[in-house]
Amino acid sequence: MDRRLWLCDKWVSQIQTEDPKLYDKLKSIVDHMTVFLNYRSKYYGVSATDETNALQGYLDTKDETAIRTKLTEYKAWWTANKGGAININR
């Protein structure tokens, strides 16, 4: 999960003003965030459906700010919960 968030940060750092490849970079970020959400759902029992749908909507509208905000939210959640118990039987 750390790696997925790290990869998101790497993609975010490559976004520039008036970036012609903005959609592709945002798609990579959303793809990694979706994997993070799926892991969080599987191992921590936090539903990913609404979050995944929201991310897709942000991607469709190229809402970089909303995607960055969600990334910050997920990193904060991970920092607070990464030491917690996981369920490997899901």
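Quick notes on the rules
- Residues numbered from 1 in each chain as written.
- Predicted model: local features only at pLDDT ≥ 70, side-chain atom pairs only at ≥ 80, totals over all residues.
- Heavy atoms only, no water.
- Helix = DSSP H or I, 4+ residues; strand = E, 2+ residues; numbered from the N terminus.
- Rg over C-alpha atoms; globule rule 2.2 N^0.38 Å.
- Buried < 20%, exposed > 50% of the residue type's maximum accessible area, 1.4 Å probe, protein only.
- Contact = heavy atoms within 4.5 Å.
- Areas by Shrake-Rupley, 256 points an atom, 1.4 Å probe, with all protein chains shown as cover.
- Lys, Arg positive; Asp, Glu negative; His and termini not counted.
- Charge placed at Lys NZ, Arg CZ, Asp CG, Glu CD.
- Phe/Tyr/Trp six-rings, centres within 6.5 Å; stacked < 30°, edge-to-face > 60°.
- Lys NZ or Arg CZ within 6 Å of the ring centre and 35° of its normal.
- pLDDT = per-residue confidence, 0-100.
- Salt bridge = Lys/Arg side-chain N within 4 Å of Asp/Glu carboxyl O.

**Section: the overall build of the protein chain**
Moving on, step 1. Along its length, the protein chain carries four helices and zero strands.
Moving on, step 2. In the protein chain, the succession of α and β elements from N to C terminus is α-α-α-α.
Moving on, step 3. For 90 residues, the compact-globule estimate of 2.2 N^0.38 gives 12 Å, and the protein chain sits close to it at 13 Å.
Moving on, step 4. When the backbone C-alpha atoms are referred to their principal axes, the protein chain occupies close to 45 × 20 × 15 Å.
Moving on, step 5. Residue burial in the protein chain is summarised as follows: out of 90 residues, 34% are buried.
Moving on, step 6. Taking as baseline every contact in the protein chain between residues at least 6 positions apart, the subset at least 24 positions apart corresponds to 67%.
Moving on, step 7. As presented, the protein chain carries roughly 5600 Å² of accessible surface, and 48% of it is formed by carbon and sulfur atoms.
Moving on, step 8. Computed over 14 positive and 12 negative side-chain charges, the separation of the two mean positions in the protein chain equals 7 Å.

**Observations regarding the packing of aromatic side chains**
Moving on, step 1. Following the criterion strictly, the structure yields seven aromatic pairs and no others.
Moving on, step 2. When the ring of Tyr39 is compared with that of Tyr43, the centres are 6.4 Å apart and the planes differ by 45°; the resulting orientation is tilted. Here Tyr43 and Tyr39 lie together in helix H2 (residues 22-44), a separation of four residues that amounts to about one turn.
Moving on, step 3. The partly exposed category is assigned to Tyr43, whose relative accessible area is 24%.
Moving on, step 4. Just above the ring of Trp77 sits the side chain of Arg40; from NZ or CZ to the centre is 4.9 Å.

**As for the confidence of the model for the protein chain**
The predicted coordinates of low-pLDDT regions are not to be read in fine detail.
Moving on, step 1. This prediction gives the protein chain a mean pLDDT of 93; 99% of its residues lie at or above 70.
Moving on, step 2. Within the protein chain, helix H1 (residues 2-13) has the poorest average pLDDT of any element, 94, and helix H3 (residues 49-60) the best, 97.

**Description of unusual backbone geometry**
Moving on, step 1. The phi angle at Lys62 is positive, at roughly 55°, despite the residue not being glycine.
Moving on, step 2. Here Lys62 is to be found in the loop between H3 and helix H4 (64-81).

**A short note on the pattern of salt bridges**
Moving on, step 1. Under the definition given, this model contains seven salt bridges.
Moving on, step 2. Across the salt bridge formed by Lys27 and Asp31, the nearest N and O atoms sit 3.3 Å from each other. One end of the pair, Lys27, and the other, Asp31, are both in helix H2, four residues apart, so they sit about a helical turn from each other.
Moving on, step 3. A residue is classified by how much of its surface remains accessible, and Asp31, at 35% relative accessible area, is partly exposed.
Moving on, step 4. Salt bridges here are not isolated pairs; linked through shared partners, they connect Glu51, Lys70 and Glu73.

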